[in-house]
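Listed here are the chains, written in short residue letters.
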Amino acid sequence: MAVEDKLKIELGKQGVFVTTVNEIYNWGRKNSVWPLQFGLACCAIEMIATTMARYDLARFGAEVFRPSPRQADLMIISGTITKKMAPQVVRLYNQMAEPRYVIAMGACAISGGPFKQGYNVLKGIDRYIPVDVHIPGCPPRPEALIHAFMTLQAKIDAQPLTGTERPRHLDAAAMSEFPVPTQGAHDLEPPANRLVWPLPAPVASGENCG
Amino acid sequence: MASSPYFSLAILFLAALGFGLAPLGLAVAWAKLVSPAKPNAIKNAIYECGLESKGDAWVQFRSAYYLYAIIFLIFDVEAVFLVPFAVAFTGLGISACVAMLVFVLLLAEGLAWAWAKGVLTWA
């Protein structure tokens, strides 16, 4: 940061406004997030309500839900991910433009939720793709989605453009393609992407999928 | 050159060309200079609905379809010409009627040929 925050406020009082390329770049990015028009289950109804007039996601510059992943940079995982749907979700994520972000909306998207014991339910999308914001709830209210969106905006705003913490799209060596799981005999193969899911291994496929 | 009456038109044409091409050039420059390109095999795939595309986009149709097109033309073109012929029928001479008869008989012959070839029967 070239100018300290306090100094910036002090200068602002005197009528002098200073900024950095980083700030303008991130200001533009955080106010023009285009979500993917993509609903999975009941949470999608709340997501739709969030975009409508009563909650009005347009106030945050994110009303433009794109029907194509090539034009979207935010994926709202709104609902239960079945193991049949998971490869499609990962493939859509791979097709989205960088920089891309993911909001896991609701208990199902985080962990499988009330359907966690189901043999066909993925226990959280963050086993395959990196998630930026998790929203608990079943389903979360539109206010919760808006809060998650503002959290994401704060995260985008705080991203430096240089250094080791820079976002993936500015790092030529960073991974951009996440392996798409395939349907195995008992579970998805692999059951998790080790690079984004460093937590204890899921139970080996075929033994106990619960 | 400046005295030519078309000089101002040429200037306007160049301005219109620039007006159209400049945004395209800006868009290309913007994409080349600023956009973070991170392509991968899945992102470059043709289909964008999350599913993998299967098969070939170059589907072949049976060439026998042209027979139906020709038989359709027989009736279609015939009707187009028969309507004005019928409207003007009372005022026409012998030569016009013979010409029309030749035309209709030629088309009828085409239909008879197609019928004999068995084109009109299909399972």
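Just so you know, these numbers come straight off a predicted model, no measurement behind them.

Novice: Give me the layout of surface pockets: which residues, what numbers.
Specialist: Within this model, the largest pocket holds a volume of roughly 830 Å³. For the largest pocket, the lining is made up of 28 residues, of which Ala97(A), Glu98(A), Pro99(A), Ser35(B) and Pro36(B) are closest to its centre. Tallied by class, residues from the lining of the largest pocket come to 15 nonpolar, seven polar and six charged. In this structure, the second largest pocket spans a volume of roughly 260 Å³. Along the walls of the second largest pocket sit 13 residues, with Tyr101(A), Asp132(A), Gln159(A), Pro167(A) and Arg168(A) positioned nearest its centre. Of the residues contributing to the lining of the second largest pocket, the split by class is five nonpolar, one polar and seven charged.

Novice: Break down the packing of helix 2 (residues 21-30) of chain A against helix 6 (residues 142-157) of chain A for me, citing the residues and quoting the values.
Specialist: All names here are of chain A. At a minimum axis separation of 8 Å, helix 2 and helix 6 run at an interaxial angle of 155 degrees. By the angle between their directions, the pair helix 2 and helix 6 is classed as roughly antiparallel. In the crossing of helix 2 with helix 6, the sense of the turn from one axis to the other is right-handed. Only Gln 153, Ile 156 and Asp 157 of helix 6 make contact with helix 2, whose side of the interface consists of Asn 26, Trp 27, Arg 29 and Lys 30. Of the residues contributing to the contact of helix 2 with helix 6, the split by class is two nonpolar, two polar and three charged.

Novice: A description of the sheet that holds strand 2 (residues 101-105) of chain A should follow, citing residues and the corresponding values.
Specialist: All names here are of chain A. The strand order across the open sheet formed by three strands is 1-2-3, and the pairing between neighbours is parallel. Where the open sheet ends on each side, the last strands, each with one partner, are strand 1 (74-78) and strand 3 (133-135). Neighbour to neighbour, the strand axes of the sheet diverge by 15 degrees on average, direction disregarded. As paired strands, strand 1 and strand 2 are joined by five bridges and run parallel to one another. Opposite Met 75, over in strand 2, you have Val 102 as the bridge partner. Helix-sheet contacts for helix 3 (residues 43-51) involve strand 1 and strand 2, and the interaxial angle to strand 1 is about 135 degrees. Docked against the sheet, helix 6 engages strand 1, strand 2 and strand 3, running at close to 155 degrees with respect to strand 2.

Novice: Describe the environment of Leu170(A), listing the residues and the values that go with them.
Specialist: Residues and elements named next belong to chain A. Mapping Leu 170 onto the fold places it in the loop between helix 6 and strand 4 (182-183). C-alpha of Leu 170 to C-alpha of Pro 99: the two residues are 71 residues apart in sequence and 8.5 Å apart in space. Aside from chain neighbours lying at most four places away, what touches Leu 170 is Tyr 25 and Leu 161.

Novice: Explain unusual backbone geometry residue by residue, including any values.
Specialist: Residue and element names in this part refer to chain A. Cis peptide bonds are those with omega within 30 degrees of zero, and the linkage from Cys 138 to Pro 139 qualifies with -10 degrees. The residue Pro 139 is located in the loop between strand 3 and helix 6 in this model. Cis geometry marks the peptide bond from Glu 189 to Pro 190; its omega dihedral reads -10 degrees. Positionally, Pro 190 belongs in the segment after strand 5 (188-189). The phi dihedral of Asp 56 is positive, around 60 degrees, even though this residue is not glycine. Examined against the element boundaries, Asp 56 turns out to sit in the loop between helix 3 and strand 1. Exposure remark for Asp 56: the relative accessible area of 27% places this residue in the partly exposed category.

Novice: How would you explain the pattern of salt bridges if you had to name every residue and give the values?
Specialist: Residue and element names in this part refer to chain A. Scanning all chains against the criterion turns up ten salt bridges over all chains. A salt bridge links Glu 23 to Lys 8, with the shortest nitrogen-to-oxygen separation between them at 2.4 Å. Of this pair, Glu 23 sits in helix 2 while Lys 8 sits in helix 1 (residues 5-13), and the two are 15 residues apart along the sequence. In this structure, a network of salt bridges that share partners links the residues Glu 98, Arg 100 and Arg 168.

Novice: I'd like a rundown of the interface of chain B and chain A, residues and numbers included.
Specialist: Think of interface size as the accessible area that goes away when the parts come together; that is how it is often given. The interface of chain B with chain A comprises 15 residues on the first partner and 21 residues on the second. Considering only the surface of chain B that becomes buried against chain A, Lys38(B), Ile42(B) and Glu48(B) emerge as the three largest contributors, covering 43% of it. Our count for the chain B to chain A interface comes out at two salt bridges. For Arg70(A), the salt bridge identified is with Glu48(B), shortest N-O distance 2.7 Å. Inspection of the chain B/chain A interface yields twelve residue pairs in polar contact (both at pLDDT 80 or more). Grouping the constituent residues of the side of chain B that touches chain A by class yields nine nonpolar, two polar and four charged.

Basis of the calculations
- Position numbers for residues count from 1 along each chain, tracking the sequence in the order it is written.
- Throughout, the order in which chains and ligands are written sets their labels, letters from A for the former and numbers from 1 for the latter.
- Totals for whole chains, interfaces and linings use every residue, but because this is a predicted model, local features are given only for residues with pLDDT of at least 70 and side-chain atom pairs only at 80 or more, for both listing and counting.
- Each side-chain value is derived from all of the structure's non-hydrogen atoms; neither hydrogens nor water enter the calculation.
- Only protein atoms enter the 1 Å grid used here. Points where a 1.4 Å probe fits but cannot escape make up a cavity, open sets with protein on both sides within 12 Å along at least five of seven lines make up a pocket, and a residue lines them when an atom lies within 4 Å of a point.
- Grid points are joined across faces, edges and corners, and a volume is the space filled by probe spheres set on the points.
- Here the term charged refers only to Asp, Glu, Lys and Arg, the term nonpolar to Ala, Val, Leu, Ile, Met, Phe, Trp, Tyr, Cys and Pro, and the term polar to all other amino acids, Gly among them.
- Comment: axis = line fitted to C-alpha atoms, over the contacting stretch for helices; angle = value between 0 and 180 degrees taken between N-to-C directions.
- The numbering of helices and of strands both runs from the N terminus, where a helix is a DSSP run of H or I of at least 4 residues and a strand a run of E of at least 2.
- Angles are sorted into four bins: roughly parallel if under 35 degrees, roughly antiparallel if over 145, roughly perpendicular if 65 to 115, and oblique for all others.
- Here a crossing is taken to be left-handed if its near helix is turned anticlockwise relative to the far helix by less than a right angle, and right-handed if that turn runs clockwise.
- We call two residues in contact whenever any of their non-hydrogen atoms come within 4.5 Å of each other.
- Between any two strands, at least two bridges found by DSSP are needed for them to pair.
- When accessible area is computed with a 1.4 Å probe and restricted to protein chains, residues below 20% of their type maximum are described as buried, those above 50% as exposed, and intermediate ones as partly exposed.
- Salt bridges are identified by distance alone: a Lys or Arg side-chain nitrogen within 4 Å of an Asp or Glu carboxyl oxygen.
- By buried area we mean the combined loss of accessible area, with a 1.4 Å probe, across both parts when two parts are placed together.
- As used in this structure description, the phrase polar contact means that two N or O atoms lie within 3.5 Å; if the pair is within protein, one of them must be able to donate a hydrogen and the other to accept it, and residues adjacent in sequence are counted only when both atoms belong to side chains.

It is worth stressing that arrangement in space is one thing and function is another; only the former is reported here.
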